[in-house]
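# Geometric and topological summary
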Amino acid sequence: MPVSHIILLTDFGTKDPFCGILHGIIKSIAPEASILDLTHGIEPRNIQEAAFVLEDSFAYFPPQSLFVCVVDPGVGSNRAILWAECSGYTFLAPDNGLLSYVLQDRSNYKLRKVTNAGLYHSRGVSKTFHGRDIFAPVAARLAQGLDPEKIGPEIRNFVSLKLPKRRNSENLAETVVIGIDHFGNLLTNYRFEGKQKADRVRAVEICGQIIAFSSGTYADHSGQLFAHCNSFNRLEISEGSGSARARLGAKPGTHVRIEYEEKQI
Amino acid sequence: MPVSHIILLTDFGTKDPFCGILHGIIKSIAPEASILDLTHGIEPRNIQEAAFVLEDSFAYFPPQSLFVCVVDPGVGSNRAILWAECSGYTFLAPDNGLLSYVLQDRSNYKLRKVTNAGLYHSRGVSKTFHGRDIFAPVAARLAQGLDPEKIGPEIRNFVSLKLPKRRNSENLAETVVIGIDHFGNLLTNYRFEGKQKADRVRAVEICGQIIAFSSGTYADHSGQLFAHCNSFNRLEISEGSGSARARLGAKPGTHVRIEYEEKQI
Amino acid sequence: MPVSHIILLTDFGTKDPFCGILHGIIKSIAPEASILDLTHGIEPRNIQEAAFVLEDSFAYFPPQSLFVCVVDPGVGSNRAILWAECSGYTFLAPDNGLLSYVLQDRSNYKLRKVTNAGLYHSRGVSKTFHGRDIFAPVAARLAQGLDPEKIGPEIRNFVSLKLPKRRNSENLAETVVIGIDHFGNLLTNYRFEGKQKADRVRAVEICGQIIAFSSGTYADHSGQLFAHCNSFNRLEISEGSGSARARLGAKPGTHVRIEYEEKQI
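One structure accompanies this document, and this report is about it. All of these numbers come straight from a predicted model, not from anything done at the bench. For every chain, the first residue of the written sequence is number 1, and numbering continues from 1 along that sequence. In the order they appear in the text, chains get letters beginning with A and ligands get numbers beginning with 1. Local features in this predicted model are restricted to residues whose pLDDT is 70 or higher, and side-chain atom pairs enter the listing and the counts only when it is 80 or higher, whereas totals over whole chains, interfaces and linings include all residues. Heavy atoms throughout the structure, all of them, feed into the side-chain values; hydrogens and water do not.

Take the relation of the copies chain B and chain A next. To line up the copies, we fit them by least squares on C-alpha atoms, keeping just the residues with pLDDT of at least 70 in both. Once chain B is rotated about the relating axis by 120° and shifted along it by 0.0 Å, it coincides with chain A to within an RMSD of 0.0 Å. The transformation just described matches what one would write down for a three-fold rotation axis. If distances are taken from each C-alpha of chain B to the rotation axis, the shortest is found for B:T14, at 5.0 Å.

What follows is the structure, given as C-alpha cells:
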C-alpha cells in the first residue's frame with residue numbers, strides 16, 4: 001500500500017523546534033511528501049490521550065495516510081517501535097499502547113517491528129529523540145515507496161492499554177474524564193454505540209453535581225452545564241457558552257456516573 | 001471564480017485534533033488543494049476578534065483565496081452559514097457577524113446561504129462540529145471547481161456586528177481595546193485613515209495613565225509605554241521592550257481616550 | 001544557489017495572524033514555494049534563544065533551504081537586515097546576532113545587506129512589521145529565482161552575540177541554562193564535542209542540588225533528576241517522567257556547575 005500523506009501526532013508542543021525538525025527531515029528525504037499535522041498538543045507523555053485522539057481522528061484523513069505517532073516516554077529504552085496497517089491506513093508508533101484503540105477489535109491488521117537500522121537517520125540515533133532519528137526517516141522512506149517488508153519482521157502482539165474502568169448495571173454506568181478540550185469541554189471514555197442508547201441517558205453526576213443530559217446545542221445551553229453526545233459519539237460535559245472545566249474543577253481522571261432512564265417495557 | 005488556496009481561521013486552538021481534522025477532510029476530498037492557516041488562536045467564541053483579524057489580514061493572501069472562518073458559538077442552532085464573494089476573495093462563515101467588517105462599506109459583494117446538504121460530510125452532520133461536517137467539505141468541493149450556485153440561494157442580508165462605540169468631538173475620541181497580541185501590545189478599534197490624522201494625535205489615556213503618541217519604533221521606547229499607529233493602521237499601545245498588558249493591566253474592552261492637538265488654522 | 005524551501009523561525013507565537021500573513025504574502029508572490037515552520041515559539045525578543053535554536057536545527061532541513069528568521073526587537077530602527085549563505089543554506093535575519101552561532105567559526109560565508117527597496121511589499125514598509133513588509137517579500141522573490149546580487153551589497157561584518165560565559169578549570173566548568181523545553185527539560189550552553197568529554201562528566205550543581213550525570217534514558221530516571229548529553233549534544237538537566245523546571249525552579253540564566261572526574265593517568 002503506497003503512502004498518500006504523512007500525518008504527525010505528538011506531544012512535542014509548538015514552542016520548540018521539534019516538530020519543525022520532523023518536517024525538515026521528511027522533506028530532506030522525500031521532497032514530494034505531503035505532511036499534515038494532526039496535533040502536537042497531546043499532554044506530555046500521555047499515551048492514553050494520544051490513543052483516544054488517534055482513534056477519534058484517523059478516519060477523517062485520506063486513505064493510505066501514514067500516521068507518525070510520537071508520544072514516547074520510553075524513548076531510548078528497549079520498548080519496540082511498531083509499523084501497523086489497518087483499515088486502509090498505516091501507522092508508526094512506539095509499542096506502548098498508543099495504537100491499541102485503533103487496532104483492538106480489528107482482526108485484519110498487519111504488524112511489524114521496526115528493526116532495520118539502515119533506515120534510521122544518517123547522523124545516528126540519540127537516546128532521547130527517536131522522532132527525529134527513527135520515526136521521521138522511516139516515514140519518509142515509506143512515502144518514497146519503500147516496501148514495508150524492509151522495515152523489520154512481522155509480529156502479532158502489541159502492548160494494549162486497559163480502557164479506564166467502566167462499570168455498568170441496568171440503569172447506571174461509570175466512566176471517567178479522559179481529556180479536556182480548548183473550550184473547556186470534558187471528554188469522557190463513554191462512547192455511544194447507535195442512537196438508541198444516547199436517548200436513554202437521563203443525567204450524569206460529576207464533582208457532586210447532577211447534570212441533565214440533552215440533545216440540544218451549545219447555544220441552547222448558554223451559561224448552563226449540560227451533558228451530551230459529542231461529535232465523536234462520546235459523552236461530553238459542557239457549559240454552552242463557557243468552560244465546564246472552570247465551572248466544575250474537573251480534570252482528567254475525574255469520575256462520572258451515568259444514570260439511564262428506567263427501562264421501558 | 002476558482003479557488004487558489006483555502007485559508008483557515010478558527011478559535012479551535014492547537015491543542016486538540018480539530019484543525020488537523022479540517023486539513024484531513026479537505027485533503028480527502030481535494031487532494032491537490034493548498035491549505036494555509038491564518039490562525040487558530042482566536043479567543044474561544046470571540047466573533048468580534050475574528051472579524052477584526054479577518055479584516056486586517058485577508059488582503060495579504062493570494063487573490064481567489066477562500067477563507068474558511070469557524071468561530072461559531074451558534075453551531076447546531078438555526079443560524080445560517082454564508083458564502084460570500086468580495087474584493088476578489090471568497091469566504092465561508094457562520095452568519096453571526098464574522099464577515100461584517102469585510103463586507104460592510106462594500107456594495108459589490110455576492111452572498112449565498114449554504115443549504116445544499118448533498119455537499120456535507122458523508123458521515124452526516126453533528127450538532128457541535130460543523131467545521132468538520134459542513135465547512136471543510138463545502139470548501140474542498142469549491143476548491144475542486146464546484147459552481148457556487150450549487151451551494152444554495154443568493155441572499156442580500158447578513159448579521160452585522162456593531163462596531164464598539166467610538167465618540168468623537170473636535171479634539172477627543174474614545175475607543176476600546178479589542179485585542180492583545182502575543183507581545184502584550186494593546187490593539188484598539190481606532191483605525192487611522194490617511195497619515196494626516198495620525199499626525200494630530202497627541203496622547204491617549206488608558207487605565208488612568210496619559211501615554212504620549214509617537215511615530216518612533218519599539219526600540220526607541222525600550223522600557224517605556226507609547227501609543228502609535230501600528231502596521232495595520234490601528235492605534236496601538238505598546239511597551240517598547242516588554243508587555244503593555246502587564247504594565248497597564250488592560251484587557252479587551254478597556255476604554256481608551258484619544259486626545260488630538262488643537263486644530264491649527 | 002536556488003531556494004528549495006522557505007523555513008520560518010519567529011517569536012510571533014501562534015495566537016495572532018502574524019505567521020499566517022507571512023505564508024499569505026510568500027504564496028501571493030511565489031505560489032509554488034514550499035514553506036515549513038521551524039517554530040514560532042521563540043520567547044518574545046529573545047535573540048539568543050533564536051540563535052541557539054537555529055544553530056541546533058538548520059542542518060536537519062533540506063539543502064538550499066532559505067531560513068527566514070524574524071526575532072527583531074530593533075524593527076524599524078537603523079539595524080540592518082542580512083542575507084547570508086553558509087554551509088549550503090541561505091538565511092535572512094536582522095543584524096542583531098541571530099545568525100552569529102550559525103556563522104561563527106565558519107570562514108566561507110557570503111554576506112549581503114538587504115537594501116533594495118524595490119523588493120519590499122508593494123503596500124510600503126511599516127515601522128513595526130518587517131516580517132510582512134520586507135522579509136517575506138524578499139524571501140518569496142529569492143524562491144522565484146532572484147539573483148542574491150539584486151538584494152544589496154556584499155558586506156563582511158555582522159553583529160555577533162557573546163556566548164554566555166563559561167569558565168573552565170581542569171575539573172570544573174560553569175555554564176547557564178539557555179532554554180527550557182515543552183517537557184520542562186533544562187537546556188544549557190554546554191555543548192559536548194566528541195564522546196570522550198561526556199564520559200568524564202560526573203555531576204552538575206544547579207539550584208543548590210548535586211545531580212548525577214548519566215548515560216541512561218528518560219525511562220531509566222522516572223521520578224528522578226539527572227544530567228545527560230541530549231540529542232543536540234548539549235548538557236541537559238531532566239526529570240525522567242516530569243519537569244526539571246518544576247522540580248528545581250530553574251529558569252533561563254540559572255547557573256550550572258559541571259564537575260568532571262579526576263583525570264586518569
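Resuming the write-up.
Okay, the sheet that holds strand β3 (residues 66–70) of chain C next. All names here are of chain C. Read from one edge to the other, the open sheet built from 6 strands follows the order β2-β1-β3-β5-β4-β6, with strand pairing classed as mixed. Both outer strands of the open sheet, β2 (35–39) and β6 (110–113), are each paired with one neighbouring strand and no more. Strand-to-strand twist of the sheet, defined as the mean angle between neighbouring strand axes without regard to direction, takes the value 20°. Sitting on the sheet, helix α4 (residues 130–143) is in contact with β1 (6–10), β3, β4 (81–86) and β5 (89–94), with an inclination near 175° to β3. At least two DSSP bridges between two strands are required for those strands to pair. Starting at the N terminus, helices and strands are each numbered in turn, a helix being any DSSP run of H or I of at least four residues and a strand any DSSP run of E of at least two. Working convention: axes come from line fits to C-alpha atoms, limited for helices to the stretch in contact. Angles between N-to-C directions cover 0 to 180 degrees. Contacts: residue pairs with any heavy atoms within 4.5 Å of one another.

A word on the interface of chain B and chain A. In this complex, chain B contributes 29 residues to the contact, which on the side of chain A involves 30 residues. What counts as buried area is the accessible surface, traced by a 1.4 Å probe, that two parts surrender upon association, with contributions from both included. Summing the contributions of chain B and of chain A, the shared interface buries around 2500 Å²; its carbon and sulfur component is 61%. Per-residue buried area on chain B facing chain A is highest for B:K15, B:R45 and B:T128; these three make up 24% of the total on that side. Here a salt bridge means any side-chain nitrogen of Lys or Arg lying within 4 Å of a carboxyl oxygen belonging to Asp or Glu. Across the contact surface, chain B and chain A share 0 salt bridges. Any pair of nitrogen or oxygen atoms within 3.5 Å is treated as a polar contact; in protein, a donor-acceptor pairing is required on top of that, and neighbouring residues in sequence qualify only through side-chain atoms on both sides. Put simply, chain B and chain A have 13 residue pairs in polar contact (both at pLDDT 80 or more) between them. Here the side of chain B that touches chain A gets 8 residues from one element, more than from any other, and that element is helix α1 (residues 18–29) of chain B. Basically, the charged four are Asp, Glu, Lys and Arg, the nonpolar ten are Ala, Val, Leu, Ile, Met, Phe, Trp, Tyr, Cys and Pro, and anything else, Gly included, counts as polar. For the side of chain B that touches chain A, the per-class residue count stands at 9 nonpolar, 12 polar and 8 charged.

Before going further, it helps to spend a moment on the pattern of salt bridges. Residues and elements named next belong to chain A. Counted under the stated rule, the structure contains 33 salt bridges over all chains. Salt-bridge contacts for R191 lead to E55; the nearest nitrogen and oxygen are separated by 3.5 Å. Within this pair, whereas R191 is found in strand β8 (residues 186–191), its partner E55 is found in helix α2 (residues 47–57), the two being separated by 136 residues in sequence. Whether a residue is buried, partly exposed or exposed follows from its accessible area with a 1.4 Å probe, protein chains only, as a fraction of its type maximum: under 20%, in between, or over 50%, in that order. Using a relative accessible area of 22% as the deciding quantity, one classes R191 as partly exposed.

A pair of Phe, Tyr and Trp rings is counted when the ring centres sit within 6.5 Å of each other, with Trp represented by its six-membered ring. The angle between the planes then sorts it: under 30 degrees is stacked, over 60 is edge-to-face, the rest tilted. According to the stated counting rule, one finds 45 aromatic pairs over all chains in the structure shown. Relative to B:Y101, the ring of B:F52 has its centre 4.6 Å away and its plane inclined at 40°; by these criteria the two rings are tilted. Separated by 49 residues along the polypeptide, B:F52 in helix α2 (residues 47–57) and B:Y101 in helix α3 (residues 100–103) bring together distant segments of the chain. Comparing B:F52 with B:Y101, the two get one shared label, buried. Between C:R123 and the ring centre of B:Y60, over which it is positioned, the NZ or CZ distance is 4.9 Å. Our definition puts a charge over a ring when NZ of Lys or CZ of Arg is within 6 Å of the ring centre and also within 35 degrees of the ring normal.

Our next topic: the interface of chain A and chain C. Contact with chain A, which involves 29 residues of that partner, is made by 31 residues of chain C. Carbon and sulfur atoms supply 61% of the area that chain A and chain C bury against each other, a total of about 2500 Å² over both sides. Of all residues in chain A, A:K15, A:R45 and A:T128 give up the largest surface area on contact with chain C, accounting jointly for 24% of the area buried on that side. Between the two partners, chain A and chain C, sit 0 salt bridges. The greatest single-element share of the side of chain A that touches chain C, amounting to 8 residues, is contributed by helix α1 (residues 18–29) of chain A. Of the residues in the side of chain A that touches chain C, the class split is 9 nonpolar, 12 polar and 8 charged.

All names here are of chain C. Reading across from one edge, β10-β9-β13-β7-β8-β12-β11 is the order of the 7 strands in this open sheet, with antiparallel pairing throughout. Only two strands of the sheet have a single partner each, and these edge strands are β10 (209–212) and β11 (225–229). Taken pair by pair, the neighbouring strands of this sheet meet at an average axis angle of 30°, ignoring direction. As defined by bridge partners, strand β8 (residues 186–191) adjoins strand β12 (residues 234–239) across 3 bridges and the pair is classed as antiparallel. Following the sheet pairing, L186 is matched in β12 by I237.

Residues and elements named next belong to chain C. With 4 of 5 residues buried, β2 lies mostly within the body of the structure. Inspection of the sheet shows β1 paired to β2 by 4 bridges, in the parallel sense. Bridge pairing in β2 places L9 opposite T39. With its strands directed away from the observer, a crossover is right-handed exactly when the path from the first strand over the helix to the second travels clockwise. Between β1 and its parallel partner β2, the chain crosses via helix α1 (residues 18–29), and the hand of that crossover is right-handed.

Turning our attention to the environment of A:I258. Residue and element names in this part refer to chain A. By secondary structure assignment, the location of I258 is in strand β13 (residues 255–260). A residue is classified by how much of its surface remains accessible, and I258, at 1% relative accessible area, is buried. Put simply, I258 and R106 are 152 residues apart on the chain and 28 Å apart in space, counted from C-alpha to C-alpha. If sequence neighbours within four positions are ignored, I258 has contacts with N171, L172, A173, T175, Y190, V201, A203, V204 and L235.

Look at A:S87: it is not a glycine, yet its phi comes out positive at around 55°. At B:C207, a position not held by glycine, the phi torsion is positive, near 55°. Position of B:C207 among the secondary structure elements: in the loop between β9 (201–206) and β10 (209–212). Among the residues examined, B:C207 registers a relative accessible area of 38% and is labelled partly exposed.

Our next topic: the side chain of A:T10. All names here are of chain A. You can see T10 is positioned in strand β1 (residues 6–10). Among the residues examined, T10 registers a relative accessible area of 0% and is labelled buried. Only 3.0 Å separates the side chain of T10 from the backbone nitrogen of F12, close enough to count as a polar contact. In this structure T10 touches L22, T39, H40, G41, I42, V70 and V71, once residues within four positions along its chain are discounted.

All names here are of chain B. Look at α1 against helix α4 (residues 130–143): their axes get within 9 Å of each other, and the N-to-C directions meet at 40°. When the axes of α1 and α4 are compared, the pair comes out oblique. The hand of the α1/α4 crossing is right-handed. Between α1, through I21, L22, I25, I26 and I29, and α4, the contact on the second element is made entirely by G131, R132, A136, P137, A140 and R141. For classification purposes, angles smaller than 35 degrees are called roughly parallel, those larger than 145 roughly antiparallel, those between 65 and 115 roughly perpendicular, and all remaining angles oblique. Left-handed is the label given to a crossing in which the near helix is rotated counterclockwise from the far helix by less than a right angle, and right-handed is the label when the rotation is clockwise.

Read these as layout, nothing more, since geometry by itself doesn't imply function.
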